[in-house]
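# Structural overview for review
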Amino acid sequence: MTLTPEVVLHAYASGVFPMSEGRNDPDIFWVDPRERGILPLNGFHISRSLAKQMKKGGYTPAINQNFSGVILACADREDTWINADIEAVFTELHARGFAHSFEIWQDGALIGGTYGITLGSAFFGESMFSRATGGSKLALAHLVDHLSCAGFTLFDTQFLTPHLASLGGLEISRSSYRTQLAEALTLHADLFSVSLEQDPYCVLQRVTQTS
């Protein structure tokens, strides 16, 4: 099956997603996990160290300032499932307004971020990276806050890693995920209906109140 934007969007709406065995592997396979990772938008956990880093500030969150830079940074590791075809189709999805990057900038440098697809009121997280301590955690904190403010109801993380579990991530059954996905696809959320919060104190207050 040729990997096209239409095929990828249909797959996500059906609960499956594409992966590759490695950066230089041209083959694609489709994944439908028995246990699905999600990050509850009302259950994000901000540790003391992350809260301290947010209060210290000195960084700037952004959306779509450098999508290609984020996906390349996510793929720049020894073990990656992002091959050239996946990178290309997500770049096209970004151009069409379906794929977005959330970024953390410091002193003009991209120090952390994540990217994913939006459909209905669901955000399908793909991958994340850090080039400085806490980079990906900062990106997720601002992302969770923004998704909540913009009316999203589901944050799909595909799998549950120890890193995501420490932030409040959960594993749910395939059937439970499909139920939440079906409901999320009937609702509409606009990523740009609200401005991305720049004040870490406001993010801390909102996330702490809802978690």
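Just so it is clear, the structure is predicted and the values come from calculations on it, not from any experiment. (Residues numbered from 1 in each chain as written. Predicted model: local features only at pLDDT ≥ 70, side-chain atom pairs only at ≥ 80, totals over all residues. Heavy atoms only, no water.)

### Re the overall build of the chain
A tally of regular secondary structure across the chain gives eight helices and nine strands. Computed over the C-alpha atoms, the radius of gyration of the chain is 16 Å, within 12% of the 17 Å expected from 2.2 N^0.38 for a compact globule of 211 residues. Expressed along its principal axes, the backbone C-alpha trace of the chain runs to roughly 50 × 35 × 30 Å. Taking all 211 residues of the chain together, 51% fall into the buried category. (Helix = DSSP H or I, 4+ residues; strand = E, 2+ residues; numbered from the N terminus. Rg over C-alpha atoms; globule rule 2.2 N^0.38 Å. Buried < 20%, exposed > 50% of the residue type's maximum accessible area, 1.4 Å probe, protein only.)

### Thoughts on unusual backbone geometry
The backbone of Asp 107 shows a phi angle near 55 degrees, a positive value even though the residue is not glycine. According to the relative accessible area criterion, Asp 107 is exposed, its value standing at 79%. For Gln 158, which is not glycine, the phi torsion reads 70 degrees and is therefore positive. Its location among the elements puts Gln 158 in strand β8 (residues 154-158). Look at Gln 158 and you get buried, because its relative accessible area is 3%.

### A short note on the side chain of Glu 126
Looking at the element boundaries, Glu 126 is found in strand β7 (residues 122-130). For the buried Glu 126, no salt bridge is present, and the opposite-charge side chain at shortest range is Arg 36, 7.5 Å distant. Apart from the residues within four sequence positions on either side, Glu 126 is in contact with Tyr 12, Trp 81, Phe 90, Tyr 115, Gly 116 and Gln 158. (Lys, Arg positive; Asp, Glu negative; His and termini not counted. Salt bridge = Lys/Arg side-chain N within 4 Å of Asp/Glu carboxyl O. Contact = heavy atoms within 4.5 Å.)

### Quick look at the packing of aromatic side chains
Aromatic rings considered in pairs are described by the distance between their centres and by the relative angle of their planes. This model, assessed by the stated rule, comprises six aromatic pairs. By way of ring pairs, the aromatic residues Phe 67, Phe 90 and Tyr 115 are connected into one cluster. When the ring centre of Tyr 177 is taken as origin, the NZ or CZ atom of Arg 36, which lies over that ring, is 4.0 Å away. (Phe/Tyr/Trp six-rings, centres within 6.5 Å; stacked < 30°, edge-to-face > 60°. Lys NZ or Arg CZ within 6 Å of the ring centre and 35° of its normal.)

### Some words on helix α5 (residues 135-149)
With 15 residues, α5 extends 22 Å from end C-alpha to end C-alpha; this agrees with the ideal 21 Å at 1.5 Å per step. Counting buried residues in α5 gives twelve out of 15 residues, a clear majority hidden from the surface. Every buried residue of α5 is listed here: Gly 135, Ser 136, Leu 138, Ala 139, Leu 140, Ala 141, His 142, Leu 143, Val 144, Asp 145, His 146 and Leu 147. (Expected span 1.5 Å × (residues − 1).)

### A word on the layout of surface pockets
The computed volume of the largest pocket comes to approximately 450 Å³. Those elements giving two or more residues to the lining of the largest pocket turn out to be β7, β8 and α6 (162-165). Broken down by element, the lining of the largest pocket gets its largest block of residues, four residues, from β7. For the lining of the largest pocket, the class distribution of residues is nine nonpolar, nine polar and four charged. (1 Å grid on protein atoms, 1.4 Å probe; cavity = no way out; pocket = protein on both sides within 12 Å on 5 of 7 lines; lining within 4 Å. Points joined across faces, edges and corners; volume = space filled by probe spheres on them. Nonpolar A, V, L, I, M, F, W, Y, C, P; charged D, E, K, R; others polar.)

### Quick notes on the packing of helix α3 (residues 67-75) against helix α4 (residues 84-95)
For the pair α3 and α4, interaxial distance at closest approach is 11 Å and the crossing angle is 155 degrees. With respect to α4, the axis of α3 lies roughly antiparallel. For the pair α3 and α4, the crossing hand works out as right-handed. In this structure, α3 contributes Phe 67, Ile 71 and Leu 72 to the contact, and α4 contributes Glu 87, Phe 90, Thr 91 and His 94. (Axes fitted to C-alpha atoms, helices over the stretch in contact; angles between N-to-C directions. Parallel < 35°, antiparallel > 145°, perpendicular 65-115°, else oblique. Left-handed = near helix turned anticlockwise from the far one by under 90°.)

### Points about the pattern of salt bridges
One pass over the full model with this rule turns up eight salt bridges. In this structure, Arg 96 and Glu 6 form a salt bridge, with 2.5 Å as the shortest nitrogen-oxygen distance. Taken together, the residues span a long stretch of sequence, with Arg 96 in the loop between α4 and β5 (99-106) and Glu 6 in helix α1 (residues 5-14) at a distance of 90 residues. Given a relative accessible area of 47%, Glu 6 falls into the partly exposed group. A cluster of three or more residues bridged by salt bridges with shared partners is formed by Glu 6, Glu 92 and Arg 96.

### Some remarks on the side chain of His 146
Tracing the chain through its elements places His 146 in helix α5. The class of His 146 is buried, set by a relative accessible area of 2%. Once you skip the residues sitting within four places of it in the chain, His 146 turns out to touch Ile 63, Phe 102, Leu 191, Val 194, Ser 195 and Leu 196.

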